[in-house]
Amino acid sequence: MSRVLLIEDDRAVREGVTLTLRRRGHDVEAAPTGEAGLAALETFRPDLVLLDLMLPDKSGFEVCRRIRATQQIPIIMLTARGDDIDVVLGLEAGADDYIVKPARGEVLEARIRAVLRRAAPVDGAGCEPAPAAAEAHGDLLIDRAGLLVSRNGQDLPLAPSEMKLLLYLSATPGRVFSRQQLLEHVWEHSYHGDARLVDACVMRLRTKVEESTRSPKYIQTVRGFGYRFGPL
């Protein structure tokens, strides 16, 4: 199973989540502070990070940004119920998904499995198999098999959700997808209809693939409907 780094200051939550995941076969390293979590990131080398947003030494937002500065490892936020602003800020900082505490074991397991699948899509995120050669879209080069994206010859560091969203949209240029469709196919859950996941990921992806986020050429908004991939 996967190696999970849990960064959580609440001892009861830390012990409960650790026990739950270990019972499901995961290898878990738990850290009570942001600094301890960042140190464990280098020694434990996890497949995924579960990150609480409210930490005693530094905010989870800062920890998330520091991880994203050097690694594209999957990150799932742990947040208290009703902290909508914190959720948005955490997603903007680079998190792939979020879980509201307290979470049942099956919810934790489902979200972990989904985000890990996102980190290693096989066939263009569920679309028709792509040819082996990299695809050129304007100044973007997308290598589906190698999970590599470059713009003007410069490799782009994409987080798992950003990569899968780009692969999914670019598989059918010009086709419009609703936020609900993207939640189902990219995040693999839609029961809460949370468009924030989609919108935050689109925003982050645009900062990496677009020359201008105000006039996006590739990840285009279709008002009242959703998003599509260009150029058309």
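1. Focus on the pairing of strand β2 (residues 27–31)
- As paired strands, strand β1 (residues 3–7) and β2 are joined by five bridges and run parallel to one another. Paired with I7 across the bridge in β2 is A31.
- Read from β1 through helix α1 (residues 11–23) to β2, the crossover connection turns out right-handed.

2. Some words on the confidence of the model for the protein chain
- When the pLDDT values of the protein chain are averaged, the result is 87; 91% of them are 70 or greater.
- Note that pLDDT drops below 50 for residues 121–131; the model gives that stretch 13 contacts with residues more than four away or on any other chain.

3. Thoughts on the packing of helix α6 (residues 160–170) against helix α8 (residues 195–209)
- Following both chains from N to C, one finds α6 and α8 inclined at 85 degrees, their axes separated by 10 Å at the closest point. The pairing of α6 with α8 is recorded here as roughly perpendicular in orientation. Listed contacts from α8 to S161, E162, L165 and L166 of α6 are C201, V202, R204, L205 and K208.
- By residue class, the composition of the contact of α6 with α8 is five nonpolar, one polar and three charged.

4. Side note on the nonpolar core
- Counting 49 residues, the largest nonpolar core has V49, L182 and I219 as its most contacted members.
- With seven residues, α8 is the single largest residue contributor to this core.
- Apart from residues no more than four positions distant in its own chain, L182 is found in contact with L165, Y168, L169, F177, W187, V198 and Y227.
- If you look at the next biggest cluster of nonpolar residues, it comprises 13 residues, including V17, V28, L78 and I99.

5. Brief notes about the sheet that holds β2
- The strand order β2-β1-β3-β4-β5 describes an open sheet built from five strands, whose pairing is parallel. Single-partner strands in this sheet number two, and they are β2 and β5 (97–101). Here the strands of the sheet are splayed against their neighbours by 20 degrees on average, with no regard to which way each runs.
- Packed onto the sheet, helix α3 (residues 60–70) meets β1, β3 (48–52) and β4 (75–80) and runs at close to 155 degrees relative to β3.
- Of the strands in this sheet, β1, β3, β4 and β5 touch helix α5 (residues 105–119), which is tilted by about 170 degrees from β5.

6. Side note on the state of the cysteines
- Counting across every chain of the model gives zero disulfides.
- C64 takes part in no disulfide bond, and the closest cysteine sulfur, belonging to C201, lies 12 Å away.
- Given the relative accessible area of 3%, C64 is considered buried.
- When its relative accessible area of 1% is taken as the criterion, C201 is described as buried.

7. As for the packing of aromatic side chains
- Counted by the stated rule, this structure contains two aromatic pairs.
- Note on Y168 and F177: the rings are 4.9 Å apart at their centroids and 55 degrees apart in plane angle, and the pair reads as tilted. There is no split in this pair, since Y168 and F177 are both buried.
- On the numbers, 5.8 Å between centres and 25 degrees between planes, the contact of Y218 with F229 is stacked. On the criterion of sequence distance, the pair formed by Y218 in the loop between α8 and β10 (219–222) and F229 in strand β11 (residues 226–229) is long-range, its members being 11 residues apart. Accessibility assignment for this pair places Y218 and F229 in one class, buried.
- Its guanidinium or amino end placed over the ring of F44, R3 lies 4.2 Å from that ring's centre, counting from NZ or CZ.

What counts and how
Residues numbered from 1 in each chain as written. Predicted model: local features only at pLDDT ≥ 70, side-chain atom pairs only at ≥ 80, totals over all residues. Heavy atoms only, no water. Pairing = 2+ DSSP bridges. Helix = DSSP H or I, 4+ residues; strand = E, 2+ residues; numbered from the N terminus. Right-handed = clockwise from strand over helix to strand, strands pointing away. pLDDT = per-residue confidence, 0-100. Contact = heavy atoms within 4.5 Å. Axes fitted to C-alpha atoms, helices over the stretch in contact; angles between N-to-C directions. Parallel < 35°, antiparallel > 145°, perpendicular 65-115°, else oblique. Nonpolar A, V, L, I, M, F, W, Y, C, P; charged D, E, K, R; others polar. Core = buried A, V, L, I, M, F, W, Y, C linked by side-chain atoms within 4.5 Å. Buried < 20%, exposed > 50% of the residue type's maximum accessible area, 1.4 Å probe, protein only. Disulfide = S-S within 2.5 Å. Phe/Tyr/Trp six-rings, centres within 6.5 Å; stacked < 30°, edge-to-face > 60°. Lys NZ or Arg CZ within 6 Å of the ring centre and 35° of its normal.

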